[in-house]
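# Close look at the chain arrangement
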Amino acid sequence: MEETSAKAKESTSSVASQETPKQEGNKTYLPVDGVRRAIANNMTKSKSEIPHAWVMVEADVSNIVKLRNSMKEKFAKQEGTKLSFFPFFVKAVAQALKDNPLLNSSWDEKNIILHHDINISIAVATEDHLYVPVIKNADNYSVAGIAKEINRLAEKARNGSLSSEDMSGGTITVNNTGSFGSVQSMGIINHPQAAILQVEAIQEKILPVDNGFKTAHMANLSLSIDHRILDGLQSGKFLKDVKKNLAQYNDEANVY
C-alpha cells in the first residue's frame, strides 16, 4: 500500500483537475482519484488474501495520562511540537516487538519473513485521504523522538509532500483510532504486514479493587492478525507485553 499510495499521490492533483463530480438526477458521482484507488486495491487484496483474526485487551493507562498532562506545556515549549498520548503506545509496541518477532513479519507462501528492522506504519488522515507513512527503526527512538516523527510525517501528509521513501518499508501498523472517539474497531491489515493494532480512545472508568472502587483511565487495544502466521498465543503474549510497557511510564525521564 505504501509505495502504491505514494505513486498515486503524485498524480492526485492532475486527476482531480481533470475530473469533477457529476450530477445526475438526485445522485452525485465522485470520480475516484489515484490515492483512493490505491487504498481500495490494497484493502481488497488484504481482505481477499489474508485470513484475519482479532483480539482485544483493555489497558490501564492512568500513569500515561497523568505524566503527559503534567508535561505537555513544557514539552511544547522545549521541543516545538505537541506531545499526545499516541507516541507512548507506538514506543510500547516497538519495545514489545523485540520479544515478539512474529508480529513483525510477513507471508510469502514459502516462508514467514521475519523483519529485523522495526518500521512502524502510522495512519494519517487528511480531509480527503488516508496515508500510511512509516517511522523507520522506531525502536531506536524515545517517546519524545517518536512524537517528533509523528508530527513531522503528519505535517508532510497535510501539505502534500510525503515521498515514496516516507511511505515504504513498514513492517507493522499502529493506528490511532481513538483520536476519532472510537472505543472498539477491527482494522484491515496493511498488506503484506502480519498485524495492525488499533489504539482506541482513553476513557475514565470506575473499577473494582480490594475493599472498594477506583477511577482509572482505560484504553482498548484492538489487534488484527494474519492467522497464517499468528495464533492467539502469540497475539496474547504480544498484547500482554505492550500493556506491561505502557505501565512503565511514570517519570518525565521515561519520555526521553
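Up top is the structure.
Cut-offs applied
- Residues numbered from 1 in each chain as written.
- Predicted model: local features only at pLDDT ≥ 70, side-chain atom pairs only at ≥ 80, totals over all residues.
- Heavy atoms only, no water.
- Phe/Tyr/Trp six-rings, centres within 6.5 Å; stacked < 30°, edge-to-face > 60°.
- Helix = DSSP H or I, 4+ residues; strand = E, 2+ residues; numbered from the N terminus.
- Buried < 20%, exposed > 50% of the residue type's maximum accessible area, 1.4 Å probe, protein only.
- Lys NZ or Arg CZ within 6 Å of the ring centre and 35° of its normal.
- Pairing = 2+ DSSP bridges.
- Contact = heavy atoms within 4.5 Å.
- Axes fitted to C-alpha atoms, helices over the stretch in contact; angles between N-to-C directions.
- 1 Å grid on protein atoms, 1.4 Å probe; cavity = no way out; pocket = protein on both sides within 12 Å on 5 of 7 lines; lining within 4 Å.
- Points joined across faces, edges and corners; volume = space filled by probe spheres on them.
- Nonpolar A, V, L, I, M, F, W, Y, C, P; charged D, E, K, R; others polar.
- Expected span 1.5 Å × (residues − 1).
- Arc of directions from axis to C-beta.

Here we come to the packing of aromatic side chains. One pass over the structure, following the stated rule, counts 2 aromatic pairs. Ring geometry for Phe 75 versus Tyr 256: centroids 6.2 Å apart, planes at 35 degrees, classification tilted. Of this pair, Phe 75 sits in helix α4 (residues 62–79) while Tyr 256 sits in the segment after α8 (232–246); the two residues are 181 residues apart in sequence, bridging distant segments of the chain. Relative accessible area serves as the criterion here: at 40%, Tyr 256 is assigned to the partly exposed category. Relative to Tyr 249, the ring of Phe 88 has its centre 5.3 Å away and its plane inclined at 75 degrees; by these criteria the two rings are edge-to-face. In this pair, Phe 88 sits in helix α5 (residues 86–99) while Tyr 249 sits in the segment after α8, placing the two residues 161 residues apart along the sequence. In this structure, Lys 22 packs its charged tip against the face of Tyr 29, placed 5.9 Å from the ring centre. Over the ring of Phe 85 we find Arg 68; its NZ or CZ atom is 4.6 Å from the centre of that ring.

The sheet built from 6 strands is open, its strands ordered β3-β12-β11-β10-β6-β9 with mixed pairing. Across the chains shown, the open sheet's two edge strands, defined by having one partner strand only, are β3 (52–60) and β9 (134–135). Bridge count between strand β10 (residues 172–175) and strand β11 (residues 195–209): 3 bridges; the pairing is parallel. Bridge assignment links Asn 175 to a residue of β11, and that residue is Gln 198. Lying over the sheet, α4 contacts β3, β11 and β12 (212–226), oriented at roughly 100 degrees with respect to β12.

So, about the layout of surface pockets. One way to see where empty space is left: roll a probe the size of a water molecule over the atoms. Quantified by volume, the largest pocket comes out at close to 640 Å³. In terms of lining residues, the largest pocket is bounded by 26 residues, among which Ser 84, Phe 86, Ala 123, Asn 176 and Ser 179 are the most central. Taken together, the elements giving at least two residues each to the lining of the largest pocket come down to α5, β7 (124–125), α6 (143–158) and β11. Among the elements that take part in the lining of the largest pocket, α6 stands out by supplying 5 residues, more than any other. Taken together, the residues that form the lining of the largest pocket break down as 16 nonpolar, 7 polar and 3 charged.

So, about α8. Compared with the 21 Å implied by 1.5 Å per residue over 15 residues, the 21 Å span of α8 between its first and last C-alpha is a close match. Among the residues of α8, those classed as buried are Ser 235, Phe 238, Leu 239, Asp 241, Val 242, Asn 245 and Leu 246. Buried residues in α8, looked at end-on, bunch into an arc of 160 degrees, giving them a common side. Set apart from the buried face of α8 by more than 90 degrees, the exposed residues are Gly 232, Leu 233 and Lys 240. Summarising the contacts, the buried residues of α8 are in contact with β3, α4, α5, β11 and β12.

Nothing here speaks to function; it is geometry throughout.
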